[in-house]
Amino acid sequence: MKLLLVGMGPGNGISIAKRFGREGFEILMVARNGEKLNTYVAELAGMGIKAFAYPADIADSESFTQILENIISEHADIDILHYNASSYNPATPSQISLPVFLSDLNINVVGALLAAKAVFQQMKDRGHGTLFFTGGGTALKAPAILASLGVGKAAMRNLVFSIAQEGAPLGIHAATVTITGMVKAGTRFDPDLIADEFWRLYQLPKDKWETEVVM
């Protein structure tokens, strides 16, 4: 069993990797910083979890697509895609520069589409698969200072609902957990609790599938 985790990091990323790794999944990790990815590989190995690192700049759609193609060619049996990548650049609509806005959109929603498209065909051919996306409360109510994040998360949330409708008849479950607060250990937004929620979603039978959970 394999989980492709796009947007590996110290919060939700490592918690998700550990949660699913404990259940027997191999973790294929994508993030920009190759050195940090290697530390996660070592950390997970210490827990008996097999992981692979794939450095990539998700904001660069062309190179990100190439990395995804490389991953798919090496792993034709990906059970779960989890898109956890996000770009955070506080600015109001009147202040944000167009290059930053477009880069944020590439990471917050375009990358999610590219990742889903990369694994969709193999899941369709098998007749089953899971597409998870880490959402945010700015999709529901965006502070002015988080203009680009709000637009990106709202667009990704909309995308998930579209993918869910297309995927369900094919046996593909698409879902998002919309996190309405700051992710922090020891709170109700503890990354381990978020990882547990994704695991609960993964275990649901098809007639009980949920597209969104709001935390």
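Scroll up for the structure.
A few points on the structure. All of these numbers come straight from a predicted model, not from anything done at the bench.

### Quick notes on the pattern of salt bridges
A pair can form between side chains of opposite charge whenever their charged atoms are brought close. Going through the model one piece at a time under the given rule, you end up with eight salt bridges. Through salt bridges with shared partners, one network takes in R19, E23 and D196.

### Some words on the sheet that holds strand 2 (residues 26-31)
Taking strand neighbours across the sheet as the criterion, the seven strands line up as 3-2-1-4-5-6-7 in an open arrangement whose pairing is parallel. Strands with a single pairing partner mark the edges of an open sheet, and in this sheet they are strand 3 (51-55) and strand 7 (212-214). Ignoring strand direction, the axes of neighbouring strands in this sheet form an average angle of 15 degrees. Pairing of strand 5 (residues 129-136) with strand 6 (residues 172-179) involves eight bridges; the strand directions are parallel. Bridge pairing in strand 6 links G135 to T178. In the packing of helix 1 (residues 12-21) onto the sheet, the strands contacted are strand 1 (2-6), strand 2, strand 4 (80-83), strand 5 and strand 6, and the crossing angle to strand 1 comes to about 180 degrees. Contacts from helix 3 (residues 61-74) reach strand 1, strand 2, strand 3 and strand 4, with the element oriented near 155 degrees to strand 3.

### Remarks on helix 2 (residues 34-45)
Taking 1.5 Å as the rise per residue, helix 2 with twelve residues should run 16 Å; its terminal C-alpha atoms sit 16 Å apart, in good agreement. Within helix 2, the full set of buried residues consists of L37, Y40 and L44. Viewed along the axis of helix 2, the buried residues span an arc of 55 degrees, placing them on a single side of the element. Buried residues belonging to helix 2 abut helix 1, strand 2 and strand 3. Its side-chain oxygen placed 3.0 Å from the backbone nitrogen of E35, N33 serves as the N-cap of helix 2.

### Observations concerning the packing of helix 4 (residues 98-126) against helix 5 (residues 147-167)
Running from N to C, helix 4 and helix 5 cross one another at 15 degrees; their axes reach a closest spacing of 8 Å. Comparing the axis directions of helix 4 and helix 5 gives the class roughly parallel. For the pair helix 4 and helix 5, the sense of crossing is right-handed. Along its contact with helix 4, which presents F101, D104, L105, N108, V109, A112, L113, A116 and F120, the element helix 5 presents S148, L149, V151, G152, A155, M156, L159, I163, E166 and G167.

### As for the nonpolar core
Membership of the largest hydrophobic core comes to 35 residues, with the highest contact counts inside it found for L4, V6, F64, Y83, L131 and F133. Residue assignment for this core shows that the elements contributing at least two residues are strand 1, strand 2, helix 3, strand 4, helix 4, strand 5, helix 5 and strand 6. With ten residues, helix 4 is the largest single contributor of residues to this core. Filtering out sequence-adjacent residues up to four positions away, L4 remains in contact with L28, V30, L68, I71, I78, I80, L81, H82 and V119.

Scoring rules and cut-offs
- Residues numbered from 1 in each chain as written.
- Predicted model: local features only at pLDDT ≥ 70, side-chain atom pairs only at ≥ 80, totals over all residues.
- Heavy atoms only, no water.
- Salt bridge = Lys/Arg side-chain N within 4 Å of Asp/Glu carboxyl O.
- Pairing = 2+ DSSP bridges.
- Helix = DSSP H or I, 4+ residues; strand = E, 2+ residues; numbered from the N terminus.
- Axes fitted to C-alpha atoms, helices over the stretch in contact; angles between N-to-C directions.
- Contact = heavy atoms within 4.5 Å.
- Expected span 1.5 Å × (residues − 1).
- Buried < 20%, exposed > 50% of the residue type's maximum accessible area, 1.4 Å probe, protein only.
- Arc of directions from axis to C-beta.
- Polar contact = N/O pair within 3.5 Å; in protein donor to acceptor, adjacent residues only side chain to side chain.
- Parallel < 35°, antiparallel > 145°, perpendicular 65-115°, else oblique.
- Left-handed = near helix turned anticlockwise from the far one by under 90°.
- Core = buried A, V, L, I, M, F, W, Y, C linked by side-chain atoms within 4.5 Å.

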